[in-house]
Structures are given as structure tokens and as C-alpha cells.
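Commentary on secondary and tertiary structure
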Number of protein chains: 2
Amino acid sequence: MSLTNASPVEAAKAAKSASHVLATLSPDARNSALTAMHAGLAAARDDILAANARDLDLARQAAADGKLSQSLVARLDLSKPGKWEDMLKGILDVRDLGDPVGRVTLRTRLDDGLELERVSCPIGVLLIIFEARPEVIANIAALAVKSGNAAILKGGKESTESFVAISRAISAALDTSQVPNSAIQLVTTRDVIPELLALDQYIDLAIPRGSNELVRYIKNNTRIPVLGHADGLCAIYLEQSADPSMAADVIVDSKTNYPAACNSLETLLVQDAALPTLLPPVARALAAKGVELRCDAVSKAALQQDAPDLTVLDATEADFATEFLSLTLAVKTVSSLSDAIAHINAHGSHHTDCILTSSRKQAEQFMAAVDSSGVYWNASTRFADGTRYGFGTEVGISTNKIHSRGPVGLEGLMIYKYKLRGRGHVSAVYGEGESKKRYVHQRLPLE
Amino acid sequence: MSLTNASPVEAAKAAKSASHVLATLSPDARNSALTAMHAGLAAARDDILAANARDLDLARQAAADGKLSQSLVARLDLSKPGKWEDMLKGILDVRDLGDPVGRVTLRTRLDDGLELERVSCPIGVLLIIFEARPEVIANIAALAVKSGNAAILKGGKESTESFVAISRAISAALDTSQVPNSAIQLVTTRDVIPELLALDQYIDLAIPRGSNELVRYIKNNTRIPVLGHADGLCAIYLEQSADPSMAADVIVDSKTNYPAACNSLETLLVQDAALPTLLPPVARALAAKGVELRCDAVSKAALQQDAPDLTVLDATEADFATEFLSLTLAVKTVSSLSDAIAHINAHGSHHTDCILTSSRKQAEQFMAAVDSSGVYWNASTRFADGTRYGFGTEVGISTNKIHSRGPVGLEGLMIYKYKLRGRGHVSAVYGEGESKKRYVHQRLPLE
């Protein structure tokens, strides 16, 4: 890892060259580098925490002056119980995952002695732009080395001292490994993001880790493919046949388990036939957890009739396009499954949406027709997460329509190449004519 | 299929809505639509060929006035022997491919009664921008319907009459099917490409079919992901241990089988040790086929010594970054495998590159280190093609680093979604603590 003051274009060129070396290292060489990184960070613990304390002092000052939010200060702090240990354990967890490089996913005999193979390989150079959390740097460096990708890291300025200390430790560790120094680069120069985003000839994938605003800015300002999501506007459709207590449990969990998360519930669609039966117990359960309900006229009237004790606000159209990220929920009445599907496809963010119903038929229709990365039946939207899906680690959650969708694990950092091994085969002898050879196209086992 | 004079944004919105219907149609419904398209086109043969003849008249006139190239006129002509039949047969070939929708690629039990499934689904709305060849419209409409994607088609103005006639026939056929009319739209309004390229909120993937200039223009002017390749700058590295006659055969085929194709050879890298032994017979074989050699100083000197009968030109640096698309070949001397790899990674277009050698070790090293969609050992670069790879059809060849790489079949038009089926499961009960449940993460068979 180099701590670079090089220009963005020099950094990107060096990363591209390094990516070609890194892509050919054995799994053992990549895993050994991760072991060295872990040991190096463990040995540098005191230095890193001291650097982090200096960042924290400045940040607390800025927060006191009203220039920085308290939540950002909290995210900066590496000395919080368990955070350091989690960061270190994460490196070994990534090391111990199955190797994503060199997986054969297709083998076809085109003709005698002419065999085609599709093999997974790294994408190339990743650009990771992140905000305060200093542990991201160790996490991303580990994911990059494991997946054989080079990475350029650009962190928020509030954590500069922490980043530099962590980078030094990782850099020294990688110097004892076969991973080229410039495969992982920390760019510390300020205000270089626009320049980095212009380098689509060297950088193959951008991964923003931070606020919606950061992600949106990056998506709107680069030709480099961006993996991630700007919004998480998740909806639940409450159908009349749903079990009332199950519905209340799932809706409460989806909304209140961690309201600031992208996979939290923002819009509840209630079938009109369910207004008198299901909405009151659900609304009571939400109110008991402190959730503010913003209802359309029909659902408000129903609640005023059947649960007059609850306070309910009026929803505006904008509420159905808002990611509240807080204990506020927009409630809308729909008359049918197809209305619910149409609402979600038009207003949602294609992240994770759920139907609560006891009808398998309606559930399957919902899951087929809703155009989102996650479509759930009778389960909390909060399950949308790489760790919960069993991917071992998570690069992010993607609402893209190509490459990777939903929670993205190491697989999302891979592409493939076709290897063709022949014995001097030429194309001119194949064709439709009488004197021509035909392709065999025999599927071969993947070993 | 609608022949739309709607504004681009209206067309794109309608296509997005239609995509949500199309995505849920059964394989039978999509295949029946393809059968109807085939029959409709067969019945409209005379009308379509008459319309094509009118396009051809105008194009021949324009060519006579020097405003259009003869090759473009040739590509326009649907009445050339076999072209009409191939177009019709292509629709049935696509129909008869395996269904790409609804393939389950991962199943995991997260807990009792909580099962995760990853299922292939259409991407959504495709934008196809193509030039003269009118048969592309039938081909693309077939691929879109088969893959469950909506498509907006924008063709070159030279084939307008042919497009309109083909569209009418397809439209009438689709009206007898369950495929919504606006799922396939032909935009006939002129000069709307910039507007279409701005509609990234409705259009999920752009596929240009035409010249390098067209592809480059589109890649540089949209935030929509673009599937394709602007350049095909393929190289062969001739290593000293290669069999001389095998080498000559493969190089001649790669260069001369169809020089205008993207998978044709443009740069020959010769190991210095192979200059006296392998280059002369290879150069003679190429010269016999009319290939003009542009050599660096070292390879030129070698040929003047060992094959003084051949005419050889001087290469400039620019020749090693040029896709000639003609019977011209740039020849460069390199001293080692790693030099060859470095040259290809720096100068190539990451399309298809080949090593000729009898050393398995060098071949495997080359295939691991060259960062191209196709890496070949002792086989012609001309094999880089979806039909030759056995994909049944080809959407195009991609040099992208994400999603799809190399020849792209129907699979390249698919993405996936995660379906999660529960029984009221909530996330709050899972965790690391003593009172918490653990995820099971049991891989299930794919059925």
C-alpha cells in the first residue's frame, strides 16, 4: 500500500499496472498478504489509536463549533468497545472465505482439441470513496487483496490521521508480501475526487461508501460504473389475508430495528379490504415503538374510526417518495395487488420490497412483478444484507440493473475471461458448406 | 411493437411499464409471440422487400452522388440471396434456445422457514441504436421478447422504409400475443439519440450495433451502461517454440479470414529469438495473401536478411495503436513473454489476444496475465464470436469490465433478483448475544 501524493492520473496508472500483477498471484500469496496485514495492524495498535485520538480531538472541536455532526464524531472513534477487534477479525474472515479468483463457470469443447473455458478473474482497479469511518480502509484493503483487484482509496478529511496511520501499517505489511506496493493506494491529496472520477480509462469500478448525497454525487459525475445505491425506499404491501400479529411483527421490525439503514421500511401500502382488520393492530404496534404515521385520507379515516386513540398525521404526495431514515412511516391505501406493484415499481428505489399475505399465489405474483433487488414474502426488509444472506462479507448493496444487484459479496468484485486452448485451429475451415467442418459445442464438466 | 412518434421520454416511460408486464410472462407466452412474429414477417415478405427496394433506390442514388458508401448500400439490401431466410430462421433459433428467465442460481436456508433464492430476471429496458442493416430489427426484437426485456429501437435513416415495414408486420403479430404493444418500440423521429441517451431513469442498458464511431459516441454521451466495444485491437504473440506452419496458419486466418471484423489480428508481437526462424515463413504466408507488413526496425532488418524477396514497410508508434480493419499488419519485436503481456495490456483493446507457443507454462502465464475478454493459445482470434462459442445467438462482443465480457448471448441481457420467503421472520431476534438466534446459512440444492 502506498500513501500517495502522486497526481490522480499517476496513481491510477500505477494501480492499473499493479492490478495486472495482483491478478496473477496465487491464492496463497494473497492470503499471506492478508495475514501480514492483520499482524501489522495488531502491532501498530497504539500508534493508530493515538492518531485516531488526534482526529477525534479535532472532530469534537468542530462538532462543538457546530461544523460537524455528533454522529460523524461517533463513527470516527476506533476506540469504542469491540471496534478495533472487529476490524482486525474482519481481515481474517475475508482471508478465510473461498477464493473467488479462477473459478471455472463454463467449459465447452468447440472441436477436437479446441476447448473454451470461462474463468472468474478480478475486475481490475477499484476506486473506493468513503467518509469518516476509518475501519473501512482495512476492510476494503482486505477485500481488494482477496479478490485480486487493485484499489485506490480516498477517505474523508476528518479521519486523515487515522487513515495515514492505518495505511503505514498495511503498507509495511504488504512490503513483506508479493502484493505490489501500488496495488492499494491511499490518496491523501485533497479535492481530487473530480479528477479521479474522470479516469475511466484506468479505473474500472467506483464504490462509494457513505451518505446518499455522496453516492448520488458520484453516480452523477463519472463514466466509471458505480456499484451501490443512493436510496433505499423500501415498501411493504399489507394484503387482507395476512396474519395480524405476524404483520405487526414484520412491519415493526422493518421500521424500527434500525431506522437509519437503507433496508428499513419507509412506505406501508395497505389493501383497502385490510383497513378495518389489519391496520389498527399494526398501527398500535408501531405507535408503541414511537413511530409517527403519515396516512393518506382513506387510511387516516379508517384509523380514526377503528383506533381513535392514535395520533395520525396527513401524508403528502412527497411522503411516498421520501426515505425518512427515522421513525416516520408513510401509509397509503391501495385497492389491489396490481396497484401495490405499480406503486412500488413507480415510486420505490428497487432496493427491497415485501408482501405480507397468506396467499402463496399473490406472494409469487408480487415477487415476480416487483422490479427490485430483493422481493420478500412475510419477512422483514432488514434481512437485505450480505452477512445475513451468508456472503461472509459485504461490499455494499447495489440497486444497479447490471452486473451485481442487492447485497454484494466478493463475487461482485469479479468478472470473467474466456480462455481458448487449441492446437493451431483456424476459423476458415468451419461453416455451413459441404466441405466445411461443424462446431461440436459439447458441454464439459466443470471439474 | 409500436411505431412511435411519441417523444423519447414518453416512449421510454411506456417501455418501462411494458417491461414490468413482459418480465412476468411465461416462457410459452414469450415463445408464442416469437412464432407469431415469424409468421407475420413471412406473410409480409412482398411488402417488406418492396419497402427495402425503395430504401435501396435512394441509397444507390446517394452512393452515386458520393454521399454514401457502397458497403453501406450492400448492408441495406434484404434481397441478397439467403438474407431474408436467415432473418426469419434467426427468430425461430432464438425461440428455441433455453429460457433465460427464472433460472435459480443460489438457494440458501437462512433459518427454519426462511429461504433465500437468487433468480435470473430481465434487466428491464434496452436501447438499441443501430445503423443500416434492416434485419437487425427482427433479430433484436426476437432477443428482447425471448429475454423478457422491453426494447427501444432507433435505426439509421437510410433504412427507414424497411424498418417501418418490418415493424408493422412485427407489431401486428405481437398484437395477437400477450406481449404488450409498447414493449418493443421503433423510434422513427429523427435526431432523438441525444434525448434517448439522457433517459437513464427509464433505460437500463444501451446496445449500439454499428461502426466504432457510433459505439464511441454512445459510450461518451450517456450515463446508461453501454454493452459493446468500440475497438478490436487484437494481438498475437509469436513465441520462439511455436510450430512454424501452425503459426503461419493461425496468423493468416486471424488476419485475412475477415479483415474488417473486430476479432481480426492487428498487431503481431514476435519474440526476438523467433525473428530468424519463425518470422520469415509467417511473413511469406501473409504476403501470399496480400497482407502489407509494417515492421519495427528490428523485425524489418531480420526480414531483409532472411526474406529479402518480401516488401516490408516501416511501422510508426501509431501503427501499434491502430485497428486497421484491412490487410495491414503491424509487427513489433519483443524480448520476452512479460514484454508481450505488458505491450498488450497497455496498447490493446482488451478484446481477444493470443499466444503461439509449444510451452504450456508460457501459454498459461499469458492467459492469466493478459487482461482481455478472450485469451487464446494456438487458436485464431477469429473464434471470438457468440455463435462459435456455442451461445446460439450473439448480442454483441463486450470489452466492458463489468456485467458481461466477450461474446454476449442471451445471458448478457439478464440480471437477477433475490426472493426471500419467510413465515413472519424478523431480524431483531438474530445476533451474536446469548439470547440471540444464529443464521443457519445452509446451501440448498438448485433443484
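Please read these numbers as outputs of a predicted model, since none were measured by experiment. (Residues numbered from 1 in each chain as written. Chains lettered and ligands numbered in written order. Predicted model: local features only at pLDDT ≥ 70, side-chain atom pairs only at ≥ 80, totals over all residues. Heavy atoms only, no water.)

Section: unusual backbone geometry
Phi is positive for histidine 403 of chain A, close to 70°, though the residue is something other than glycine. Position of histidine 403 of chain A relative to the elements: it lies in the loop between β15 (396–398) and β16 (406–408). The buried category is assigned to histidine 403 of chain A, whose relative accessible area is 13%. Unusually for a residue other than glycine, histidine 441 of chain B sits at a positive phi of about 50°. Turning to its location among the elements, histidine 441 of chain B is positioned in the loop between β17 (414–425) and β18 (442–443). (Helix = DSSP H or I, 4+ residues; strand = E, 2+ residues; numbered from the N terminus. Buried < 20%, exposed > 50% of the residue type's maximum accessible area, 1.4 Å probe, protein only.)

A word on the interface of chain B and chain A
Between chain B and chain A, the residue contacts involve 71 residues of the former and 71 residues of the latter. Summed over both sides, the interface between chain B and chain A buries roughly 5900 Å², with carbon and sulfur atoms accounting for 56% of that surface. It is Phe383, Ile402 and Tyr418 of chain B that lose the most area in chain B upon contact with chain A, and together they represent 12% of the buried surface on that side. At the junction of chain B and chain A, the tally comes to six salt bridges. The salt bridge partner of arginine 421 of chain A is glutamate 364 of chain B, with a shortest N-O separation of 2.8 Å. One can count 46 residue pairs in polar contact (both at pLDDT 80 or more) joining chain B with chain A. Of all the elements, β17 of chain B adds the most residues to the side of chain B that touches chain A, at eleven residues. (Contact = heavy atoms within 4.5 Å. Buried area = accessible area lost by both parts, 1.4 Å probe. Salt bridge = Lys/Arg side-chain N within 4 Å of Asp/Glu carboxyl O. Polar contact = N/O pair within 3.5 Å; in protein donor to acceptor, adjacent residues only side chain to side chain.)

Brief notes about the packing of helix α2 (residues 27–43) of chain B against helix α5 (residues 83–95) of chain B
Residue and element names in this part refer to chain B. α5 packs onto α2 with a crossing angle of 170° between their chain directions and a minimal axis gap of 9 Å. In terms of their interaxial angle, α2 and α5 are classed as roughly antiparallel. Packed against α2, whose contacting residues are Asn31, Leu34, Thr35, Met37, His38, Leu41 and Ala42, the element α5 presents Trp84, Met87, Leu88, Ile91, Leu92 and Arg95 at the interface. Broken down by class, the residue content of the contact of α2 with α5 amounts to nine nonpolar, three polar and one charged. (Axes fitted to C-alpha atoms, helices over the stretch in contact; angles between N-to-C directions. Parallel < 35°, antiparallel > 145°, perpendicular 65-115°, else oblique. Nonpolar A, V, L, I, M, F, W, Y, C, P; charged D, E, K, R; others polar.)

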